Amino acid sequence: MKSRLFFCIAAAFPLLAMADVTIPMNQVSEAGVGSKLGQVVVSESKYGLVFTPALTGLTPGLHGFHVHQNADCSTKEKDGKMVPAIAAGGHYDPENTNRHGTPWGDGHMGDLPPLYVDASGNANQPVLAPRLKMADLKGRALMIHVGGDNHSDHPAVLGGGGARVVCGVS
């Protein structure tokens, strides 16, 4: 009987490890965390993590999309100015590369493919992060920035992305 129970628990364990994570995403501004714009469901695949957004009310076009170091979307003061979601820290970079790069490359682990927002302000196209595992999300923030991301530190640092506009905590 005990061996059967152990087998059932052991067989179910991989299924538990593969559970999706839903991250509620909120607008952020100098005033703090604002209204909910939807969610991003993160699932594990044999190719890495899949981030599937269900978001509305965004500016159309491509946006920088990253996993940030801290699970905090709070506004804080930096250099005398209130900065939205600055408490999330920088991009998740456990290997201290201090380099922005492609999601499949050798830069920050938190670099994700850009988020596509359609002409109606909706984002629902999944993106793949081949180097991330579900455990990497624990205690982190998911961030959307104004404007695109060239996945390089040239000609502008951090891919040329702009301000933090949407944030969620895993």
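The name given to the protein in an unreviewed UniProt entry is Superoxide dismutase family protein, with Undibacterium hunanense as the source organism. Its UniProt record gives the protein a comment under Sequence similarities (unreviewed entry), which states: "Belongs to the Cu-Zn superoxide dismutase family."

*Asks:* Before we go on, may I ask you to explain the side chain of H66 in this structure?
*Replies:* Note on placement: H66 falls in strand β5 (residues 65-68). Residue H66 is classed as buried on the basis of its relative accessible area of 2%. Only 3.4 Å separates the side chain of H66 from the side chain of H91, close enough to count as a polar contact. The residues touching H66, leaving out its near neighbours within four places in the chain, are H91, H100, G110, D111, L112, A141, L142, M143, H145 and D149.

*Asks:* Before we go on, may I ask you to explain the pattern of salt bridges in this structure?
*Replies:* Should their charged atoms come close, side chains of opposite charge can pair. For the coordinates displayed, the defined rule picks out one salt bridge. Of the charged contacts in the structure, one is a salt bridge between R99 and D106, with a shortest N-O distance of 3.1 Å. A relative accessible area of 36% means that R99 is categorised as partly exposed.

Scoring rules and cut-offs
Each chain carries its own residue numbering, running from 1 in the written order of its sequence. It should be noted that, the model being predicted, local features are given only for residues of pLDDT at least 70 and side-chain atom pairs only at 80 or more, the latter also being counted only at that level, while totals for whole chains, interfaces and linings use all residues. Just so you know, side-chain values use all the structure's heavy atoms and leave hydrogens and water out. UniProt positions are given in the numbering used here, feature names are shortened, and annotations may be inferred rather than shown by experiment. Helix and strand assignments follow DSSP, with helices taken as H or I runs no shorter than four residues and strands as E runs no shorter than two, numbered in order from the N terminus. Exposure is judged per residue with a 1.4 Å probe applied to protein chains only, and the accessible area is read against the type maximum: over 50% gives exposed, under 20% gives buried, and values in between give partly exposed. Throughout this description, a polar contact denotes any pair of N or O atoms lying within 3.5 Å of each other; where both atoms belong to protein, one of them has to be capable of donating a hydrogen while the other can accept it, and for residues adjacent in sequence the pair is counted only when both atoms sit in side chains. What makes two residues a contact is simply this: any of their non-hydrogen atoms within 4.5 Å. Definition used for salt bridges: Asp or Glu carboxyl oxygen within 4 Å of a side-chain nitrogen of Lys or Arg.

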